[in-house]
Every structure is written in C-alpha cells, then in structure tokens.
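Examining the three-dimensional arrangement
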Protein chains: 2
Amino acid sequence: MTDPALIDELKTLVEPGKVLTDADSLNTYGKDWTKQYAPAPSAIVFPKTIEQVQAIVRWANERKIALVPSGGRTGLSAAAVAANGEVVVSFDYMNQILEFNEMDRTAVCQPGVVTAQLQQFAEDKGLYYPVDFASAGSSQIGGNIGTNAGGIKVIRYGMTRNWVAGLKVVTGKGDLLELNRDLIKNATGYDLRQLFIGAEGTLGFVVEATMRLERQPTNLTALVLGTPDFDSIMPVLHAFQDKLDLTAFEFFSDKALAKVLGRGDVPAPFETSCPFYALLEFEATTDERADQALATFEHCVEQGWVLDGVMSQSEQQLQNLWKLREYISETISHWTPYKNDISVTIAKVPAFLKEIDAIVGEHYPDFEIVWFGHIGDGNLHLNILKPDAMDKDEFFGKCATVNKWVFETVQKYNGSISAEHGVGMTKRDYLEYSRSPVEIEYMKAVKAAFDPNGIMNPGKIFAV
Amino acid sequence: MTDPALIDELKTLVEPGKVLTDADSLNTYGKDWTKQYAPAPSAIVFPKTIEQVQAIVRWANERKIALVPSGGRTGLSAAAVAANGEVVVSFDYMNQILEFNEMDRTAVCQPGVVTAQLQQFAEDKGLYYPVDFASAGSSQIGGNIGTNAGGIKVIRYGMTRNWVAGLKVVTGKGDLLELNRDLIKNATGYDLRQLFIGAEGTLGFVVEATMRLERQPTNLTALVLGTPDFDSIMPVLHAFQDKLDLTAFEFFSDKALAKVLGRGDVPAPFETSCPFYALLEFEATTDERADQALATFEHCVEQGWVLDGVMSQSEQQLQNLWKLREYISETISHWTPYKNDISVTIAKVPAFLKEIDAIVGEHYPDFEIVWFGHIGDGNLHLNILKPDAMDKDEFFGKCATVNKWVFETVQKYNGSISAEHGVGMTKRDYLEYSRSPVEIEYMKAVKAAFDPNGIMNPGKIFAV
C-alpha cells in the first residue's frame, strides 16, 4: 500500500499527526527484537481510543489492508514485524491505567501500558503483578496478552493468561467484544477471552485488559545450588517442592555461569565449580520456613544431588544471585547465539536435554552450547554460540540444520517448539512439529470466524 | 430416532451389551439433577475407547443424529438432559486413571473418573486435587471440564480450568485432537483446550484429560465470624486477605444458619446471633500464622465488623464449622427453593445483594430469601423458599417473574447469570443478559467450526 489517497483516508480516522510515514518511523515501528526481517510497513497509526481502533479495522476491511499490532516490540518471533507494506497499529498512546479496584485487586489497563508500569502501580497499591521477564521495562500489556508472556515466576504464578480478568477486543471484523466482564466465575458458554490470549493479534486487537494483582510476596529468599550433573537437578526440584511453595526454579550450565562471571561485575555464588546450577526462590515468611529450606538443602547434599550451595541473607544477596541467571541472555548476545525456546513436560527434561546435546555435539563438535531456563516449568532456552572463527552466514546456515533436529526431538518428546516466545514468522513453518495438521485446520477455521478477510497480522502463526 | 435399524447400526460400534434402550436406562441416563425436563433419549451408548467415541460421532454425522454427553449427571442447568430423542453417550466405562507423573504432578484421567476418585488418588500419592464441591462423590471429570466446575476452594485454587494440563477431545466432526500435550508453557497459537473447557459438550467430547495435582494443604483451619450486616463482610475479607492466603471465604445468612441448626445434628458456632456469617479457611502452617489470624479477628471486632467468632482447634471442629455451610443446600431443598447461581465482581456484591433483596421483598414480602455462597469470588447462591401455604405451580410462576428481575439486575451490574452451573437449557434463553448478541454470534461461528452438522448436544447453550 503506497497509494497516498489511502494514507489520507487513514489520517481522517485518528487525531492530526497520528499517522507517520517517515523512513525512521517505518523502520522503528516495523520491527521487533528479531532482526532477520527487513521492516517495510506503509504507515504507522496511533489510535487513542477504542472507537479509533474500530474505525481503523473497519477501514482496513473495506480496503483489504493488512494490519500489524505493535506494542513494546520486544517479541522474539517476529509477530510484530511489518515486512510487507502493512499498516502498523501502535498502542503507544493508549498507555493509561484507567481504574483500580482494591476489593477485587484488579487494574484496568489500556493495551500500551508497559509491564514495569503495571508492576510499579501494583507496588504503590501494596500489591504485586507477578508476571516478570527480561523485557518488562518496555514490553506492553497488549503484547504480553498476545503472546501469553511467561517468564521467571511461572512455577508459582502461571502465565499472563492467569492474570487476565477481562478483555475488551476489537475483532478482525471491527466488532468490540467485552469478554468475561472481569468475573472470577462465569459459566456462560465459550470463554472467548482465552482465544485472544496468545493469538498474536491474528484474531483482533486487545484494546483494554483488566489485570489481576496479587498480595506482595514476603521476604523472598533465593538459593543457588551446584549439582554434579543435570539429572540431579530433578530430585532437588522435587525435594524442595515437597516442602515449600517455590516462586522460581531456574537452572543454568557452568558455561552460562562462566560467561556471566567473565563480566567481572557479579560475584561467584561459591567456590566449588559444578557442571549445573539451580536457582530457586521461596517466601521465607517465617524463620521456620527458612530452616526448612536449609534442612532440605542439607538433605540434598547428603543424597549427593548437591555439591555446594548458598542462601541469600539479604535483599542485596538476593539480587546478586538473580543476576547470575538474569545476565545470561544479555552476556551471551556477544557470541551471536542461535536461540531456541522449547519445552517438554518436566519429567522428560533430562533425557530431552541430553539427546539434543548429543545430536549437536556429534555433528558440530566445535559449537558451544549454553543451556539455561525455567526448569520448574519444563522450559529450556537452548543457545548455541558462534565459534569466533566461523563466518556468520556459515554459522546460521548450519544452525538451520540444527533447527530441524531440535524440532524433530521436540516432536518426539511431545513438546513445544515455542514455549513462551510465540510463533510469529520465525516458527510459522515449523508449527506442525507441535500442532497436528488437523488441529491447525481448526485453528484456521477459528481465525476465519474472527477475521474473515484475513487482515489481522497476516502471515503470523500461519502462512498467508 | 426410534428406527430400530439405526440402533442396530449403533450396536456394531461398541462392545456387545453396551447400547441400552430399556425404559429404566433411558429415564436414568436421560436426565441430570435438574428436574423440569422429561427425559426422552433414543438410546444410551457406553463406549470404552477413544476409537469407539470417534466411531459414534462419525456415525452420528452421517445419520444426522444428535448426541448428548453424560457424566455423573449432577448438573444443574440440564446440559446433560436428553429430552428430544438424542443418543446419550455415557462415559461410565471410561473411568480409569491411566497414568501418574510424580515429577509433573499430573494424573491422566479418562472422562468418567469421578471427582472424589481423583481426590482420593491424589491423596494416596501425597498430593491434592483442589476442585471440590457438593457433588464430588458422583460428578465426573469430563463433566467438570464441560462446565468448568468451581466450588468452595476457587478463591485459592481457581476453577477446573486451572487444573487441566492437557485434553484429548473428539470434535463434532469426529477428529481426535490432542490439545496442549500437558505442557506448562506452550506458545504455539490458539489454545483450543480452553474452548472445550466450559463448552458443555457442544463442540465435542472430552475423551481424556491430564489433570494437575497440588501439594496437600497443611493444617487447614477455619473461622466462622458473625457480622452486624452484610456490608461488614467485605472489609473482613479484605483484612484477612491482606494477611493470609485464604483457601476459602464463604458466607451465609442467619436464615440459612437457622435452617441448618434446625436439623439438630450440627452445633451452633457461638451464642451471639448475627444477621450474616463468614466462614474462612487458611493453612495454619505455623503458630505464627494462626496468631496472625487471631490478631486479624480481634482487629475486625475492634472495627465493629465482627460481633462474635470462633476458630477451629481440631480437625473435628473444622469439619463441624464446614457443615454449617455445606449442609445448607441439602437442608433447604425441603422448601422447594427457587435457586439461582449468579456472580458479580467482588466490590459490587453488597449493593447487588441489597438490590435483589429489595426487589423480591417489595413484590413478594411473603417469600423467604436464603443467601449463601462463595463471597470471596463474587459468586452468590440466591434461594427463595416456597411459603408452605403456596401451591407449587403458583410459586414457580411467580419465580419466573423474579427470574427476569434478577437477570436484569445481573446485567445492570455487569455480572454473570450463571457463575458455575453452566447454561444448558435452563439459562439458554437468558444468555443475552451476560453475553452481547454479537458475542453470541461469534460463539455460534466457533461452534460451527467444530460441529458443522450441529450434532453435539444441540439446544444447549444456544437454541437449535
């Protein structure tokens, strides 16, 4: 769409100045954190009201123009990339928390509210918004809902899905639906709210969301434990889960730790060097609870599952232990990693991880694999680092082959090719490794019901 | 369908003897706990395998025969009633727990597993299945999923939806879908699993479900508190929720209590008589936690929100306090109550309750209203007792008028006309009080995608 007459029409639907077509804006708003697609939108439009969003969608239906929703653009699957002349609908100007309900512990958010903004709002009210992840400082609630964002506290608090009390959406036909009315119990037919969570904007736009808040956690305390092998991490998880409600259970390999310690700004957790590390967190609400954690730690040492460990005694120590895990992604970005975000059921994690290690090691012995992830929920981040000597194109070429092996292994283990990053364009052609062809047919039928003209984020999840 | 040739065809699809057409069976399997529809199925079929279920659905598509799913038949909305010559598909012979996964804390259930059977199974494994309600002894997991069953622990554990890790369903077209593969994190497009939860069998049949289990609660402790008015219950809820993770927060009126005490087999909680009572429960994991509860109780008394109260000191006392709440439904059934199961957001509960009280009181001053419910999640059970002197038909005639007022008030408060009992046939004609006409159109489009011939439980949720 480069027809200036259409751009002029679009301008009549929003406030003056709220359609941008300059090269900088097209480039900025046309992409997310994935870098492999060249942004090429026709225009960026910034609605300020639900009515304006409806007007844009109705106009796009009439003119058969593709729309791409745009939030914080922190996605890792290119779901918010506009590479084919689409109009990008940015929610940057719909970024207010409209309402707070103390008794229900809910906050009514416009889609452009930034995750950290909601977290801070909750804290100011003496409450807690528990969905947290690396991009919380710029990701937006609408995007979180579109990808059903997860992160580091899922073991205790679940995904974004759990925190959506109600949704207002504009469907691909331009209809405004008010879904679930913020109720806890509502057994009046299909819960369409659930369809829009994780739909990556392919059914419609989230234009308002009532998010639940939780009581603040008390005295969060972390342990970092070193294990003699990966298999030992599972009985450790089991032992702690038996005694405590964990708020996190993460893991990382010695290679991941070495990279982070190499920065020089984070202290080592302890001296013993171990092949794998677990980071777990719980609420030390009472001394008894902390003692229970220590006793379980000792039990794990006696069983030979843990070689060494440390428990945070202050907020500062808690922060430092978390840095060991949180800094990994940023630190390894220096090595141009091939990344994959996969999941299996928890029991299958050790065998699955070993199988992938073996396949990659056999074919590419010079590749360094860095594993980390949310082991408590079966979600592994596989990172293969580019050997310094290898050319970027050659590396990514080889990784494309690795990709196929990884996804075949995921399929064999009945896992997910995208645990929390979505499908977008990057996983679109691999969807059948996690969803059967007949399931995909039903998904397309659902899409057709909400977006019969196929104008909502086309080419995402499914090929056009 | 009375054509004997069709019954003969049906018989070829299952094991010998697994199609029943005798009057007793038709009468028994043709109805649920709602009594206002005369059961009139053509046959009852008992599949034993997923393949048999698929064969039945494919046959029904060819022959255009309506199917009704049948579980424990404890529903209260006639969703499992076959009143129009349908074939009832009973899951009584698909009632096994097939698999247990300790690390993932999941149990793979056939749809006919009884709720209490899963609860007991979990207990035997040192775990806990937290969805609990009056009919747990006969309701089945498939039916729980079909209605997204709630109950008394929703404030802490959520609805059945929260506990479904994976689903196998046979759609209305006869396709077998394996939904979500029991994963915690799976961002691969629309979560179709969510559509089937609460769909009342109108999209397809649940043929297997992987249910999550939880750690067992520790030292459950209940308080019953008497309040001077209904409004005081809300700050009490708020005060306790600030300090404790409540596992239940129920309420009942003096009239409800009087009926239960009238039985003579449950002791009064305390002597002070109060217009309203709250029953709350928490895990007294430590003495400190119990002390916190007592301190909050005292704070509530000082504020004038609570007149008297008692806290359980033993398992026996815990049971006795719960009987005050749990016996209500059974006890008042003697008065042929008109029942309604409605919800609003928590903050709106006091105003909503008063408005309904006023409407009924003004028009029918001789009607006795008994309120109870799950106040912690906004779910109220409204019960109007039939005056002894009034004829049953006259009473239900007047209640039909009340129904309209109640639903108009629900709509005004943006609430749900069915909090946890589903729509079925009893609420079908009132659906627009809780879902907009355009939303209902999308629901029908979704239905058409999964059940194009309309053979799956027709006439439930929507009119045929």
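Rules behind the numbers
Residues numbered from 1 in each chain as written. Chains lettered and ligands numbered in written order. Predicted model: local features only at pLDDT ≥ 70, side-chain atom pairs only at ≥ 80, totals over all residues. Heavy atoms only, no water. UniProt positions renumbered as here; feature names shortened; annotations may be inferred. Core = buried A, V, L, I, M, F, W, Y, C linked by side-chain atoms within 4.5 Å. Buried < 20%, exposed > 50% of the residue type's maximum accessible area, 1.4 Å probe, protein only. Contact = heavy atoms within 4.5 Å. Helix = DSSP H or I, 4+ residues; strand = E, 2+ residues; numbered from the N terminus. Arc of directions from axis to C-beta. Polar contact = N/O pair within 3.5 Å; in protein donor to acceptor, adjacent residues only side chain to side chain. Domains from an automatic or database assignment. Buried area = accessible area lost by both parts, 1.4 Å probe. Salt bridge = Lys/Arg side-chain N within 4 Å of Asp/Glu carboxyl O. Nonpolar A, V, L, I, M, F, W, Y, C, P; charged D, E, K, R; others polar. Least-squares fit on C-alpha atoms with pLDDT ≥ 70 in both. Axes fitted to C-alpha atoms, helices over the stretch in contact; angles between N-to-C directions. Parallel < 35°, antiparallel > 145°, perpendicular 65-115°, else oblique. Left-handed = near helix turned anticlockwise from the far one by under 90°. Pairing = 2+ DSSP bridges.

For chain A, the name recorded in an unreviewed UniProt entry is D-2-hydroxyglutarate dehydrogenase, with Stutzerimonas zhaodongensis as its organism. Its UniProt record gives chain A the following Catalytic activity (unreviewed entry) comment, quoted word for word: "(R)-2-hydroxyglutarate + A = 2-oxoglutarate + AH2". Checking UniProt for chain A, the heading Sequence similarities (unreviewed entry) contains the comment "Belongs to the FAD-binding oxidoreductase/transferase type 4 family."

1. Quick look at the nonpolar core
One finds Phe450 of chain A together with Phe450 of chain B to be the most contacted residues of the largest nonpolar core, which totals 85 residues. When neighbours within four sequence positions are excluded, Phe450 of chain B is seen to be in contact with Tyr442 and Val446 of chain A together with Thr171, Gly172, Lys173, Leu177, Leu192, Leu195, Phe196 and Leu203 of chain B.

2. Observations regarding helix H4 (residues 115–124) of chain A
All names here are of chain A. Taken together, the buried positions of H4 are Thr115, Leu118, Gln119, Phe121 and Ala122. Relative to the axis of H4, the buried residues are bounded by an arc of 160° and lie together on one face. The inward-facing, buried residues of H4 abut strand S5 (97–101), strand S6 (106–109), strand S7 (127–128), helix H5 (141–147) and strand S10 (204–212). Positive phi shows up at Gly126, right after H4, with a value of about 75°.

3. Things to note about the environment of Lys31 of chain A
Residues and elements named next belong to chain A. Looking at where Lys31 falls in the secondary structure, it is placed in the loop between helix H2 (23–29) and strand S2 (43–45). Relative accessible area serves as the criterion here: at 24%, Lys31 is assigned to the partly exposed category. For the pair Lys31 and Glu326, spaced 295 residues apart in the sequence, the C-alpha separation amounts to 24 Å. Aside from chain neighbours lying at most four places away, what touches Lys31 is Pro39, Arg73, Ala80 and Val81. A distance of 3.4 Å separates the side chain of Lys31 from the backbone oxygen of Asn27, its partner in a polar contact.

4. Concerning the domain arrangement of chain A
Residue and element names in this part refer to chain A. Domain annotation of chain A identifies domain 1 (4–90), domain 2 (97–215), domain 3 (220–329) and domain 4 (336–422). Averaged C-alpha coordinates put domain 1 and domain 2 at centres separated by 22 Å. Taken together, the contact pairs 18 residues of domain 1 with 18 residues of domain 2. Carbon and sulfur atoms make up 66% of the surface buried where domain 1 meets domain 2, a total of about 1300 Å² over both sides. Our enumeration of links across domain 1 and domain 2 arrives at zero salt bridges. Remark: the boundary between domain 1 and domain 2 carries three residue pairs in polar contact (both at pLDDT 80 or more). When contributions to the side of domain 1 that touches domain 2 are tallied by element, the ones reaching two or more residues are helix H3 (50–63) and strand S3 (67–70). A per-element tally of the side of domain 1 that touches domain 2 places H3 first, with six residues.

5. Topic: the interface of chain A and chain B
Residue-level contacts link 84 residues of chain A with 84 residues of chain B. Among the residues of chain A in contact with chain B, Lys185, Tyr190 and Tyr442 of chain A are the three that bury the most area, contributing 16% of the side total. Counting across the chain A and chain B interface gives eight salt bridges. At the junction of chain A and chain B, the tally comes to 44 residue pairs in polar contact (both at pLDDT 80 or more). Where the side of chain A that touches chain B is concerned, the elements lending two or more residues are helix H6 (154–157), strand S9 (176–179), helix H7 (192–196), helix H8 (233–243), helix H10 (287–302) and helix H15 (437–450) of chain A. Residue contributions to the side of chain A that touches chain B peak at nine residues, all from H15 of chain A. The residue makeup of the side of chain A that touches chain B, split by class, is 34 nonpolar, 27 polar and 23 charged.

6. Considerations on the relation of the copies chain A and chain B
For the match of chain A to chain B, the screw axis carries a shift of 0.0 Å, the RMSD comes to 0.0 Å, and the turn is 180°. When the rotation and shift are considered jointly, the pair of chain copies conforms to a two-fold rotation axis. Of all interface residues in chain A, 100% are interface residues in chain B too; the two copies therefore contact each other through one and the same surface.

7. Quick notes on the side chain of Lys153 of chain A
Among the structural elements, Lys153 of chain A can be located in the loop between H5 and H6. Residues in contact with Lys153 of chain A, not counting those within four places in the same chain, are Tyr128, Pro130, Gly158, Leu220, Thr247, Glu281 and Trp322 of chain A.

8. Examining the packing of H15 of chain A against helix H15 (residues 437–450) of chain B
One way to put it is that H15 of chain A packs onto H15 of chain B with a least axis distance of 9 Å and a crossing angle of 155°. The orientation of H15 of chain A with respect to H15 of chain B, classified from their angle, is roughly antiparallel. The hand of the H15 of chain A/H15 of chain B crossing is right-handed. Counting all contacts with H15 of chain A, which are made through Tyr442, Ala445, Val446, Ala449 and Phe450 of chain A, the residues of H15 of chain B involved are Tyr442, Ala445, Val446, Ala449 and Phe450 of chain B. Taken together, the residues of the contact of H15 of chain A with H15 of chain B break down into 10 nonpolar, no polar and no charged.

9. A closer look at the sheet that holds strand S4 (residues 87–90) of chain A
Residues and elements named next belong to chain A. Here we have four strands laid out as an open sheet, ordered S1-S2-S4-S3, and mixed in their pairing. Of all the strands in the sheet, the pair left with one neighbour each is strand S1 (19–20) and S3. Packed onto the sheet, H3 meets S2, S3 and S4 and runs at close to 155° relative to S3.

10. Overview of unusual backbone geometry
Although it is not a glycine, Asn148 of chain A sits at a positive phi angle of roughly 50°. Checked against the element boundaries, Asn148 of chain A lands in the loop between H5 and H6.

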